[in-house]
Amino acid sequence: MWMEPTSTIEDDSEALIRLENVSKRYDMNSIIVTALDSVDLQVDEGEFLVVLGPSGSGKTTLLNMIGALDSPTSGDISVAGMNITGAHRKELFAFRRRAVAFIFQSFNLFPGLTALENVQFAIDINKGDRSEAQHVLEEVGLGERERHFPHELSGGEQQRVAIARALATGNPVLLADEPTGELDFRTGVSILELLQEQVKSGKTVLVVTHNREISRVADRVVELSSGRIVSDGPSKGGRAAISDLHW
Ligand code: ADP
Ligand code: MG
């Protein structure tokens, strides 16, 4: 597990991710929007968790909080031994570089950089070994595409580059926000398989989706409704193999 060596705020709980009574409210011209409402959640290292909920239920807000891209209005969050809500900006900067990696629905690749350069960029930020980029692209099945620009790749290939970029950071927690949302079924399935492989290799993977079918592959499904957790446990109807999914 990654630990921030300079952090002064240590967390003694076992869970890799812990949210305690976390709420996020937005004040929209005096109309209060509650994006997250008293959320308690613990995620262990190595879990494959799906957060399931309809549009507007708070999924992205939750993921951004865990990745320290946004801060709660109230409550406490700790990830990988660090109390994010009590941390200084400098500590948060190190945390974002070393603890989490995001994968987005819309891939968010740099259009002017090749697949290889997109991955190298993530490695440079972490001051890692650039030669790893090629290896990680091979790992996601894109060894032959490294000199291609994003617009020369299919949606599924672009998402693979985005996953390679996340893996290249070496960070232990992958946060995926509707990672199959823009992909056709078959391509979406291959992305889920790739994420499942990451769990097998020891990563902790959080996928948020509005698609109940996708949630069937997870170890554990947390359902959100209007910013509240309404259920938390194994997939209803039993866990499914990826090959059994249909959407
Ligand atoms: P989801 O990802 O499940 O679709 P979000 O986390 O994006 O949901 O949003 C949850 C709720 O919070 C929605 O009602 C949304 O409109 C609101 N919200 C999200 N971000 C903001 C913001 N920056 N300002 C105001 N309201 C927001
Ligand atoms: Mg969202």
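Scope of this entry: the structure provided in the associated data block. Here the structure is a predicted model, which is why all the values come from computation and not from measurement. (Residues numbered from 1 in each chain as written. Chains lettered and ligands numbered in written order. Predicted model: local features only at pLDDT ≥ 70, side-chain atom pairs only at ≥ 80, totals over all residues.)

Description of the overall build of the protein
Rules: A run of H or I in DSSP counts as a helix once it spans at least four residues, and a run of E counts as a strand once it spans at least two, with each numbered from the N terminus. Put simply, a residue is buried when 20 or more other C-beta atoms lie within 10 Å of its own C-beta and exposed when 12 or fewer do; between those, it is partly exposed, and each C-beta is set from the backbone.
From N to C terminus, the protein includes seven helices and 10 strands. The C-alpha extent of the protein, read off along each of the three principal axes, is 50 × 45 × 40 Å. Each of the 247 residues in the protein was classed as buried or not, and the buried ones make up 40%.

Quick notes on the site of ligand 1
Going by this rule: Should the C-beta atom of a residue, placed from the backbone, lie within 6 Å of a molecule or strand, that residue is near it. Note on residue categories: nonpolar means Ala, Val, Leu, Ile, Met, Phe, Trp, Tyr, Cys or Pro, charged means Asp, Glu, Lys or Arg, and polar means any other residue, Gly included.
Around ligand 1 sit Tyr26, Met28, Val33, Ala35, Gly53, Ser55, Gly56, Ser57, Gly58, Lys59, Thr60 and Thr61, and that is every residue in its neighbourhood. Those elements giving two or more residues to the shell around ligand 1 turn out to be strand 1 (17-28), strand 2 (31-43) and helix 1 (59-66). Per-element tally for the shell around ligand 1: the top contributor is helix 1, with three residues. Split by residue class, the shell around ligand 1 holds four nonpolar, seven polar and one charged.

A closer look at the sheet that holds strand 5 (residues 82-83)
Applicable threshold: Following DSSP output, two strands are said to pair if at least two bridges run between them.
One open sheet accounts for four strands, arranged 2-1-4-5; its pairing is antiparallel. Both outer strands of the open sheet, strand 2 and strand 5, are each paired with one neighbouring strand and no more.

Comments concerning the sheet that holds strand 6 (residues 100-104)
What counts is decided by this rule: Axis definition: a line fitted to C-alpha atoms, limited for helices to the stretch in contact. Angles are taken between N-to-C directions and run from 0 to 180 degrees. Contacts are defined on C-beta atoms placed from the backbone: any two residues whose C-beta positions lie within 7 Å are in contact.
In space, the six strands of this open sheet follow the order 6-7-8-3-9-10, with mixed pairing throughout. Each of the sheet's edge strands pairs with one partner strand only, and the pair in question is strand 6 and strand 10 (228-233). For this sheet the average axis-to-axis angle between neighbouring strands, irrespective of direction, equals 20°. Strands in contact with helix 5 (residues 155-168) are strand 6 and strand 7 (173-177); relative to strand 6, the strand with the most contacts, it is inclined by about 175°. Its contacts with the sheet place helix 6 (residues 185-200) against strand 3 (48-52), strand 7 and strand 8 (204-209), and it is angled at close to 150° to strand 8.

Quick look at the pairing of strand 2
Where a strand is regular, its side chains alternate between the two sheet faces. Sheet topology places strand 1 next to strand 2; nine bridges connect them, and they run antiparallel. Looking across to strand 2, one finds that tyrosine 26 is bridged to valine 33. Joining the antiparallel neighbours strand 1 and strand 2 is a turn of two residues, in which asparagine 29 adopts a positive phi near 50°.

Looking at helix 5
Applicable threshold: To estimate the expected span of a helix, count its residues, drop one, and scale the result by 1.5 Å.
An ideal rise of 1.5 Å per residue puts 20 Å on 14 residues; helix 5 measures up with 20 Å between its terminal C-alpha atoms. For helix 5, the full list of buried residues reads Gln158, Gln159, Arg160, Val161, Ala162, Ile163, Ala164, Arg165, Ala166, Leu167 and Ala168. Check the buried side of helix 5 and you find it contacts strand 6, helix 3 (115-125), helix 4 (132-139), strand 7 and helix 6. Taken from the residues just after helix 5, glycine 170 is the one with a positive phi, measuring 75°.

Some words on the pairing of strand 9 (residues 220-225)
Bridging between strand 3 and strand 9 involves four bridges; their strand directions are parallel. Of the residues in strand 9, the one forming a bridge with leucine 49 is arginine 220. As defined by bridge partners, strand 9 adjoins strand 10 across five bridges and the pair is classed as antiparallel. Directly across from valine 221, in strand 10, lies its bridge partner glycine 233. Following strand 9, the chain reverses through two residues before pairing antiparallel with strand 10; serine 226 in that reversal takes a positive phi of roughly 45°.

Side note on the packing of helix 4 against helix 5
So the rule is basically this: Convention used here: angles under 35 degrees read as roughly parallel, angles over 145 as roughly antiparallel, angles from 65 to 115 as roughly perpendicular, and any remaining angle as oblique. Note on convention: near helix rotated counterclockwise from far helix by under a right angle means a left-handed crossing. Clockwise means right-handed.
Two numbers describe how helix 4 lies on helix 5: the axes approach to 9 Å, and their chain directions differ by 130°. When the axis of helix 4 is compared with that of helix 5, the two are oblique. Note that helix 4 runs across helix 5; the crossing there is right-handed. Seen from helix 4, the contacting residues are Glu132, Ala133, Val136, Leu137 and Glu139; seen from helix 5, they are Ala164, Leu167 and Ala168. Split into classes, the residues belonging to the contact of helix 4 with helix 5 amount to six nonpolar, no polar and two charged.

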